[in-house]
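Below, each chain spelled out in residue letters.
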Amino acid sequence: MGSVNVADRGNESHEDDYSLDKVPYGERKMGWFSITNITFGIATAIFYFQLGSVMALQFGAVNALISAGYAIIVAGIMGTIISYLSARSGMNVNLMSRGGGFGYIGASLTSLIYASNFIMYCAFEGMILVYAVHEFFPIIPVWLLIVIFGSLVIPLNWFGIKQLDKLQKWSLPIFFAFLIAAITVAVFTTSLYEGRFWTYMPEGVQVGGTALLLCIGMQHGIMGLTALLASDYARFLKPGHIRFGSVAIGFIPQIFCYGVMGGLGIWFGVRLAEPNPGVYIVQLLGIGGALFTMLTQVRINVTNIYSSSLSLSNFFENVCRFTPGRRFWIVVAGLTAMILMLGGIVDHLDTALTFQGVFLLAWGAVLITDALVVKMLLKIGPAFYEARQENLYKWNPVGVVSLIIASGLGTVAALGYMGTFLESTAAFFASALAAILTVLLAVLTKGRYYLKNEVNDIDPEDILFERKEQNVKPGSVGRPAAVNAENLEK
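Thresholds, definitions, all that
Residues numbered from 1 in each chain as written. Predicted model: local features only at pLDDT ≥ 70, side-chain atom pairs only at ≥ 80, totals over all residues. Heavy atoms only, no water. Helix = DSSP H or I, 4+ residues; strand = E, 2+ residues; numbered from the N terminus. Buried < 20%, exposed > 50% of the residue type's maximum accessible area, 1.4 Å probe, protein only. Contact = heavy atoms within 4.5 Å. Areas by Shrake-Rupley, 256 points an atom, 1.4 Å probe, with all protein chains shown as cover. Axes fitted to C-alpha atoms, helices over the stretch in contact; angles between N-to-C directions. Parallel < 35°, antiparallel > 145°, perpendicular 65-115°, else oblique. Nonpolar A, V, L, I, M, F, W, Y, C, P; charged D, E, K, R; others polar. Patch = residues over 30% accessible without salt bridge, like charges linked within 9 Å, V, L, I, M, F, W, Y side chains within 5 Å. Salt bridge = Lys/Arg side-chain N within 4 Å of Asp/Glu carboxyl O. pLDDT = per-residue confidence, 0-100. Expected span 1.5 Å × (residues − 1). Core = buried A, V, L, I, M, F, W, Y, C linked by side-chain atoms within 4.5 Å. Phe/Tyr/Trp six-rings, centres within 6.5 Å; stacked < 30°, edge-to-face > 60°.

A. Quick look at the overall build of the protein chain. Tallying secondary structure elements over the protein chain gives 17 helices and zero strands in all. Out of the 490 residues belonging to the protein chain, those deemed buried represent 59%. At a minimum sequence separation of 6, the contacts of the protein chain that also span at least 24 residues come to 83%. Accessible surface computed for the protein chain: about 19200 Å², of which carbon and sulfur atoms make up 67%.

Right, dumping it as structure tokens:
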């Protein structure tokens, strides 16, 4: 069974975000600013306040700041490469994984775990909002607030990426107004720490060493998600914007996530001696703090639900041949997040983030290594991504085996069975191991499992790296002449 034709999907919107397909060349029409604006939904989450505050109060402000710089660099480079590959191919990481070392069933398994990460993150973020509102309206039961705010993100996702662009664009100025207000009030609030905030260091803690590694370990829990997330939107990027746009989409959200929001979290946490932004934002702004929390959490959760719906679509199309459309999976993802919130998923935050960081960084390492080392340098496998099932093997050991071994050993390390150093750097360890295994297995298998059939109908624009031996027939897949002419007329 091949990919589903988007044009035939019943009553869904014309774009329908190409949840089961690559975005055709002629449909990549969004500028880098719009794409970056959408990814700001995750960058403005209050979760980064909490991350910065907790790290500063537990391990010292300097260690927290150094780890933020590390996160910006690593996640920014990873996000830039993923964005570039996505923009060149018109595919998100779920589709790229099919021809990027996993096979179509192997890629489907990664899609399911990817979707579960977004749904869990949606539940965590949703609970921050629920508790903030519950502080002001304790008469409203928590379960009812979960249902109300859990349901809100479903209609906000109904019309796809264009609706998300409008939502993020119009809500961003309001977000900044609230943020400036919180900073202003905090400046005129007496600090509970007498020194400058970056000099704060808990008793018995030093700069560097174990404290810094623990901060970096906490950053790993979310870095892979912010980098891989970019592919869901970068695939709509205009071809003329790819070079600069990939860097912008890769770095700007990371700078804001870890530098601005994380840095402010460090400042707020030290100044107010409180790690929970749901407490100190409300203390600073009152009911405005609750509204600020509501805005930020809705912005982040619409992107969580969007990305999880794409991944669920990919998994059930390949494994079960069940293709009800993206909107169906929006509802499923939203309901599942609500169930997790009602079930107390927030009590297992550390465990969830540990697995998420190990798996997602290892997965990203496989994709990047496959593209830059296997495909480009070693010239093993095709120089393009093929997503059609009839041309792919179910499993490709290059990616599947690498991911299973790396994430498995990474999880063991994160649980503390390989020593303190690897416990704190488990995700980095897993990603390095995944990269090494990807190259090793690609060489051993000689690229045999990348394509089951010869493919000679890939549009030249979708070739990642030029090779003389590539047999390409222009205009067959990504940009047919008739379609391109039609678009030009429009």
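B. Local environment of the packing of helix α2 (residues 47–59) against helix α3 (residues 61–89). Two elements in contact, α2 and α3, have axes whose closest approach is 7 Å; the angle formed by their N-to-C orientations is 135 degrees. Classified by the interaxial angle, the pair formed by α2 and α3 is oblique. Together, Met 55, Ala 56 and Phe 59 of α2 and Ala 61, Asn 63, Ala 64 and Ser 67 of α3 make up the contact between the two elements. A breakdown of the residues in the contact of α2 with α3 according to their chemical character gives five nonpolar, two polar and no charged.

C. Layout of a nonpolar patch on the surface. There is a patch of nonpolar side chains on the surface, built from Val 401, Ile 405, Leu 409, Val 412, Leu 415, Tyr 417 and Met 418 and spanning about 620 Å² of accessible area. With respect to the helices, strands and loops of the structure, Met 418 is situated in the loop between α14 (397–414) and α15 (420–424). Of the residues examined, Met 418 reaches a relative accessible area of 32% and is grouped as partly exposed.

D. Region of interest: the pattern of salt bridges. Considering all chains together, one arrives at four salt bridges under this definition. Two residues, Glu 27 and Lys 29, come together in a salt bridge whose shortest N-O distance is 4.0 Å. According to the relative accessible area criterion, Glu 27 is partly exposed, its value standing at 21%. With a closest N to O distance of 2.7 Å, Glu 386 and Arg 388 form a salt bridge. Arg 388 matches Glu 386 in its accessibility class, with the two residues each being buried.

E. Focus on the environment of Glu 194. The residue Glu 194 is located in the loop between α6 (161–187) and α7 (209–229) in this model. Taking the C-alpha atoms as reference points, Glu 194 and Val 270, separated by 76 residues in sequence, lie 9.9 Å from one another.

F. Highlighting the confidence of the model for the protein chain. For the protein chain, per-residue confidence averages 83 on the pLDDT scale, and 88% of positions sit at 70 or higher. Across residues 1–15 the pLDDT falls below 50, and counting only partners more than four positions away or on other chains, this stretch makes 41 contacts in the model. A low-confidence stretch, residues 470–490 stays under pLDDT 50, and its non-local contacts, those more than four residues away or across chains, total 38 contacts.

G. Seen up close, the packing of α2 against helix α10 (residues 277–285). Put simply, α2 and α10 touch, their axes get as near as 9 Å, and they point 105 degrees apart. The orientation of α2 with respect to α10, classified from their angle, is roughly perpendicular. Touching Phe 49, Gln 50 and Ser 53 of α2 are Pro 277, Tyr 280 and Ile 281, all from α10.

H. How the structure looks around helix α16 (residues 426–445). Spanning 20 residues, α16 covers 28 Å between terminal C-alpha atoms, matching the ideal 28 Å at 1.5 Å per step. Three or more residues of α16 are buried, namely Ala 426, Ala 427, Ala 430, Ser 431, Leu 433, Ala 434, Ala 435, Leu 437, Thr 438, Leu 441, Ala 442 and Thr 445. One or two steps after α16, the chain reaches Lys 446, where phi turns positive at roughly 55 degrees.

I. Highlighting the nonpolar core. Grouped together as the largest cluster of nonpolar side chains are 105 residues, with contacts concentrated most on Tyr 48, Phe 49, Tyr 121, Tyr 258, Phe 268 and Trp 363. Leaving out residues up to four positions away in the same chain, Trp 363 has contacts with Val 93, Asn 94, Ser 97, Phe 102, Thr 110, Tyr 114, Leu 228 and Leu 403.

J. Geometry of the side chain of Gln 254. Relative to the helices and strands, Gln 254 resides in helix α9 (residues 242–272). On the accessibility criterion, Gln 254 (2% relative accessible area) is buried.

K. Structural detail: the packing of aromatic side chains. Here the structure, examined in full by the defined rule, presents 25 aromatic pairs. In textbook terms, an aromatic cluster arises when at least three aromatic residues are bridged by ring pairs, as seen for Phe 175, Phe 176, Phe 178, Phe 256 and Phe 292.

L. Structural context of the side chain of Ser 311. Tracing the backbone through its elements, the reader meets Ser 311 in helix α11 (residues 287–320). Contacts of Ser 311, omitting those with residues within four sequence positions, involve Asn 94, Ser 111, Tyr 114 and Ala 115.

M. Summary view of unusual backbone geometry. A positive phi angle, close to 55 degrees, is found at Ala 273, a residue other than glycine. Checked against the element boundaries, Ala 273 lands in the loop between α9 and α10. Taking relative accessible area as the criterion, Ala 273 reaches 45% and is therefore assigned partly exposed. If you check the backbone angles, Lys 379 has positive phi at about 55 degrees while not being a glycine. Relative to the assigned elements, Lys 379 resides in the loop between α13 (349–377) and α14.

N. Focus on the environment of Arg 243. Assignment of secondary structure puts Arg 243 in helix α9. For Arg 243 and Ala 87, which are 156 residues apart along the polypeptide, the C-alpha to C-alpha distance reads 9.4 Å.

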